[in-house]
Structures are given as structure tokens and as C-alpha cells.
Amino acid sequence: MKVAVFSTKVYDRKFLSDANSPTQHELVFFEPRLNRDTAILAAGFPAVCVFVHDQVDAPTLELLASRGTRLVVLRCAGFNNVDLQAAADLGITVVRVPAYSPYGVAEHAVGLILSLNRKIHRAYNRVREGNFSLDGLLGFNLHERTVGIVGTGKIGLILGQIMKGFGCHILAYDVYRNPELEALGGKYVELPELFANSDIISLHCPLTPETHHLINAEAIEQIKPGVMLINTSRGALIDTQAVIEGLKSGKIGYLGVDVYEQESELFFEDLSGAIIQDDIFQRLTTFPNVLITGHQAFFTAEALHNIAETTFANIADIEQGRPCANEIRAQVSA
Ligand code: NAD
């Protein structure tokens, strides 16, 4: 099939080309994101392949449909950037990669926890400048600390397993209980109890209307003073302005985030020569106890391999008229 592949970096091209060698689809790589302005690039392509920041809204889908596109292939799990109802109305099929990197994301969350606790991000710079003072680098043992995990699906469970290995107690909150987490000794509690008793809170639930700004001023009131807050899930789970106030007052002791509510303006691009206009993001970067990574938690060789393999398996299913387990339809919630 002829596929217009949007939002591609060098690494995407490598992994997708390697995985395509047996199937020999005609891939044309475009660096820009798909949106209303760039949809014209896909004229005559029956399929487009997109990632998390492409804007697959109704006008874009109409432009695609009018020029022959019948399939949208997501290289990610989340589909909040796709208007599924408009796709259905236009007869466009949408498929995704539901899981590609649960270990990678959980391990990245652990990386943020360890770095923030032991101030490795600060020690790295100090030692390079010949400053071997330990002032300000005091950490704490993870052993016997309590980790609160919000969302205990694939990633949250793996985080629980890893933190159990450190000797942590696990508190959990989810709309469904995961027996594997309970078998590990994890205890399900309501959110206020998790907030009040966790030394580290890590977010692993999807972004939905119910979880939007789950960490807001009211939640910050309930947390244990000095808590470490980790978010590798979706930026809008956190009300960033409220978290900044929590950091300023000291109620939040550490913040580690791989995602940010307005990240589509920033992440995945080299803006090192630009003046960043987002004052909230810039304020976050000024705190010594805040560690931000640019949506890289998924970014392992295994994940890029899995994404590419599943992408082509999805295309093959649709091309050959087979039911595709990874097809998503309007009534499914993100
Ligand atoms: P999953 O579907 O396996 O688990 C999500 C869990 O959240 C489920 O157990 C679900 O019941 C629970 N949940 C749903 N609504 C909830 C609510 N209102 N309150 C509490 N829990 C709720 O998903 P996963 O593979 O573990 O991924 C978790 C999240 O990680 C994804 O939603 C995605 O946003 C994020 N993610 C981030 C990256 C990255 O690179 N940073 C990569 C992949 C996924």
C-alpha cells in the first residue's frame, strides 16, 4: 500500500524502513506533522501514518478523504488527536498500536524517581565544574517508603513490581483492581488516602474527562508535605499552575515529568536557538527539584521496533480485508 508517513524523524524512518522490507509497502516519509495545511501532501495516498502530535481533526480528515485516503494508521496508543466520529462518517478506518513500551515507560519513571531523589541531574553538572560539595544533594532511602500508583494497567503494574524490588510499600488507585498488583502486596485505596500516605505519587492512568487535572490545588492540599510527584502519562493529568504553587510553598518536594499539557508546541523539536514563549513551562524549568524530559519515556529500541511491526501488521489486516484487533471506532473512549 502507498503510505504517507507524517511526523518522521531519522529514527522513525530507520525502524519503519527495516520493518517494511518483507512487506514492501510504498512509504513516503514527511517530516511535518499532519494538519489542515499539510494534508495536501497525502493526495493520492490510500493510507496516512501519524503520531501523537498530528492533528487528525474533522477538516483534516475531510481533506484526506477528498483526495483518496481511506486509512489512518496511528503509531501510538492514544487517539485523543483523532476525530473518530468524523473518520467514521467519511468511511476512513483508524488503527493504532495499543501497547509498545510498558517496560520502557515504567523504567523511565524509575529513572526520574532515582535522579530526583539523589539529585543526579545536579551532581552531573557540579562534578563537571569541579564542585564536589555534597551540600544540597541529600537524598532518602527508597526502602520502606510508600509509592502511590494511580492507574494500575500495564505500566502502573510494572512500576509496582520494580518499586517492590526496592523494598517500597505500594498503594494503588484505579477504577478496576488489578489482581497482579494485589498479589504483589499492593493495597487499593481511595485517592485521598493515597494522596495522604504516599511519599512518591506516580500517574499511569489515561487522560479522560475524569482524570483531567487530577492533580489540582485540592489534591495538593491532601498530599503528604514534600511528596515526589511523577507524571509519565499525559500532561493534562496535572494542573501545572497549581503544581508550581505547590513547588513554591514546598508542599511538593520533587516533580518529575515526561509530559506537559502544552507539549505539542515544544516537544520533539530542537528549539535551543528559539525564545520559548510558554512562561509556565519556563517557570517549571527554574526549580532545582524539577526534572523534565520531552516525552521520551517510550523511546527505546524495543518500542520503536514494536511500533513498526504492529503498524505494518495493522496495514496488512486492512489491506487484505481481515478484521483488525487494533481498529478503533467512535464509541471507544480514549
Ligand atoms: P493501560 O490501559 O494498560 O492502563 C491504564 C489504567 O488506568 C487502567 O488500569 C485503567 O483502568 C486505569 N484508569 C482509567 N481511568 C482511570 C481513572 N479515572 N482513575 C484511575 N485509573 C484509571 O495503559 P498503559 O499502557 O499502562 O499506559 C498508561 C498511560 O501511559 C497511557 O494512558 C498513556 O497516556 C501513557 N503513555 C505514556 C508514554 C510516554 O512515552 N510518556 C508512552 C506510552 C503510554
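The coordinates are above.
All values derive from a computational prediction rather than experimental measurement. Going along each chain's sequence as written, the residues are numbered from 1 onward. Selection of residues for local features in this predicted model requires a pLDDT of at least 70, selection of side-chain atom pairs for listing and counting requires 80 or more, and totals for whole chains, interfaces and linings are taken over all residues. By convention in this description, side-chain values take in all heavy atoms of the structure and omit both hydrogens and water.

Enquirer: I'm lost on the sheet that holds strand E7 (residues 169-173) in this one. Help?
Expert: Each strand in a sheet pairs with its neighbour through backbone hydrogen bonds, running either in the same direction (parallel) or in the opposite one (antiparallel). Spatial strand order, E8-E7-E6-E9-E10-E11-E12: 7 strands in an open sheet with parallel pairing. Taken across any chain shown, the strands that pair with only one partner, and hence form the sheet edges, are strand E8 (187-188) and strand E12 (290-292). The pairing criterion for strands is at least two bridges between them, as found by DSSP. Runs of E in the DSSP output that reach at least two residues are strands. Runs of H or I that reach at least four are helices, and both are numbered from the N terminus. The pairing of strand E10 (residues 227-231) with strand E11 (residues 252-257) spans 5 bridges and is parallel. Counted as the bridge partner of Asn-231 is Val-257 from E11. The contact criterion used throughout is that any non-hydrogen atoms of two residues lie within 4.5 Å. Note on geometry: axes are C-alpha line fits, over the in-contact stretch for helices, and angles between N-to-C directions span 0 to 180 degrees. Contacting strand E6 (146-150), E7 and strand E9 (200-203), helix H6 (residues 154-165) runs over the sheet at an angle of about 170° to E6. Across the face of the sheet, helix H10 (residues 240-249) comes into contact with E10, E11 and E12 while running at roughly 140° to E11.

Enquirer: Sorry if this is basic, but what is going on with the pairing of strand E3 (residues 47-50) here?
Expert: Two faces make up the sheet, and in a regular strand the side chains alternate between them. Of the two faces of E3, the one lined by Ala-47 and Cys-49 and the one lined by Val-48 and Val-50 are each fully buried. Note: strand E1 (residues 2-5) against E3, 3 bridges, orientation parallel. From the neighbouring strand, Val-3 faces E3, where its bridge partner is Ala-47. Pairing analysis gives 4 bridges linking E3 to strand E4 (residues 71-74), with the strands arranged parallel. Within E4, the position partnered with Val-50 by the bridge is Leu-74. The cut-offs for exposure are 20% and 50% of the maximum accessible area for each residue type, with area from a 1.4 Å probe on protein chains only; residues under the lower value are buried, those over the upper are exposed, and the others partly exposed.

Enquirer: It is not clear to me how the packing of aromatic side chains should be interpreted in this structure. Could you clarify?
Expert: Aromatic ring pairs are described here by two measures, namely the spacing of the ring centres and the angle between the planes. What counts as a ring pair is set by centres within 6.5 Å for rings of Phe, Tyr and Trp (its six-membered ring), and what kind of pair is set by the plane angle: stacked under 30 degrees, edge-to-face over 60, tilted for all other angles. Under the criterion given, the structure shown has 10 aromatic pairs. An angle of 70° between the planes, with centres 4.6 Å apart, marks the rings of Tyr-11 and Phe-299 as edge-to-face. Taken as a pair, Tyr-11 in helix H1 (residues 10-20) and Phe-299 in the loop between E12 and helix H12 (301-319) lie far apart in primary sequence, 288 residues in all. Ring centres of Phe-298 and Phe-299 lie 5.7 Å apart, and the angle between their planes is 65°; this geometry places the pair in the edge-to-face category. A relative accessible area of 7% means that Phe-298 is categorised as buried. Through pairs of rings, three or more aromatic residues link up here, namely Tyr-11, Phe-51, Tyr-100, Phe-268, Phe-298 and Phe-299. By definition, being over a ring means that NZ of Lys or CZ of Arg is both within 6 Å of the ring centre and within 35 degrees of the ring normal. Here the basic side chain of Lys-2 rests over the ring of Phe-45, its NZ or CZ set 4.6 Å away from the ring centre. Across from the ring centre of Phe-15, 5.4 Å away, lies the NZ or CZ of Lys-14, which sits over that ring.

Enquirer: When you look at the site of the ligand in this model, what are you seeing that I'm missing?
Expert: Contacts to the ligand come from 22 residues, most closely from Lys-154, Ile-155, Asp-174, Thr-232 and Asp-258. Any pair of nitrogen or oxygen atoms within 3.5 Å is treated as a polar contact; in protein, a donor-acceptor pairing is required on top of that, and neighbouring residues in sequence qualify only through side-chain atoms on both sides. Contacts to the ligand include Asp-174, whose side-chain N or O atom sits 2.6 Å from an oxygen atom. In this structure, Ser-233 approaches the ligand through a main-chain N or O atom, which is 3.3 Å from an oxygen atom. Counting atoms within 2 Å of the grid points, the majority share of the ligand lands in the largest pocket. Being near a molecule or strand, for a residue, comes down to having at least one heavy atom within 4 Å of it. Of the grid points, spaced at 1 Å and generated over the protein atoms alone, those admitting a 1.4 Å probe that cannot get out make up cavities, while open sets with protein on both sides within 12 Å along at least five of seven lines make up pockets; any residue with an atom within 4 Å of a point is treated as lining. By definition, a pocket or cavity contains a molecule when more than half of the molecule's atoms lie within 2 Å of the pocket's grid points.

Enquirer: Even after reading the chapter, I still don't get the packing of H1 against H12, so can you show me in this structure?
Expert: For any two helices packed against each other, the geometry comes down to the angle between their axes and how far apart the axes lie. For the pair H1 and H12, interaxial distance at closest approach is 9 Å and the crossing angle is 50°. As judged from the angle between their axes, H1 and H12 are oblique. You can see that H1 and H12 cross each other, and the crossing is right-handed. Of the residues in H12, those in contact with Tyr-11, Phe-15, Leu-16, Ala-19 and Asn-20 of H1 are Ala-301, Leu-304, His-305, Ala-308, Glu-309 and Phe-312. Grouping the amino acids of the contact of H1 with H12 by side-chain chemistry returns 8 nonpolar, 2 polar and 1 charged. An angle below 35 degrees is read as roughly parallel, one above 145 as roughly antiparallel, one from 65 to 115 as roughly perpendicular, and any other as oblique. Should the near helix be turned anticlockwise from the far one by less than a right angle, the crossing is left-handed, and should it be turned clockwise, the crossing is right-handed. Residue type decides the class: Asp, Glu, Lys and Arg count as charged, Ala, Val, Leu, Ile, Met, Phe, Trp, Tyr, Cys and Pro as nonpolar, and the leftover types, Gly among them, as polar.

Enquirer: It is not clear to me how the sheet that holds E3 should be interpreted in this structure. Could you clarify?
Expert: Across the sheet, 5 strands lie side by side as E2-E1-E3-E4-E5; this open sheet has parallel pairing. The sheet terminates laterally at strand E2 (26-29) and strand E5 (93-95), the two strands that pair on one side only. Strand-to-strand twist in this sheet, taken as the mean axis angle between neighbours without regard to direction, amounts to 20°. Against the sheet, H1 makes contact with E1 and E2, and its axis sits at roughly 175° relative to E2, the strand it touches most. Running over the sheet, H12 touches E1, E2, E3, E4 and E5 and is turned about 160° from E4.

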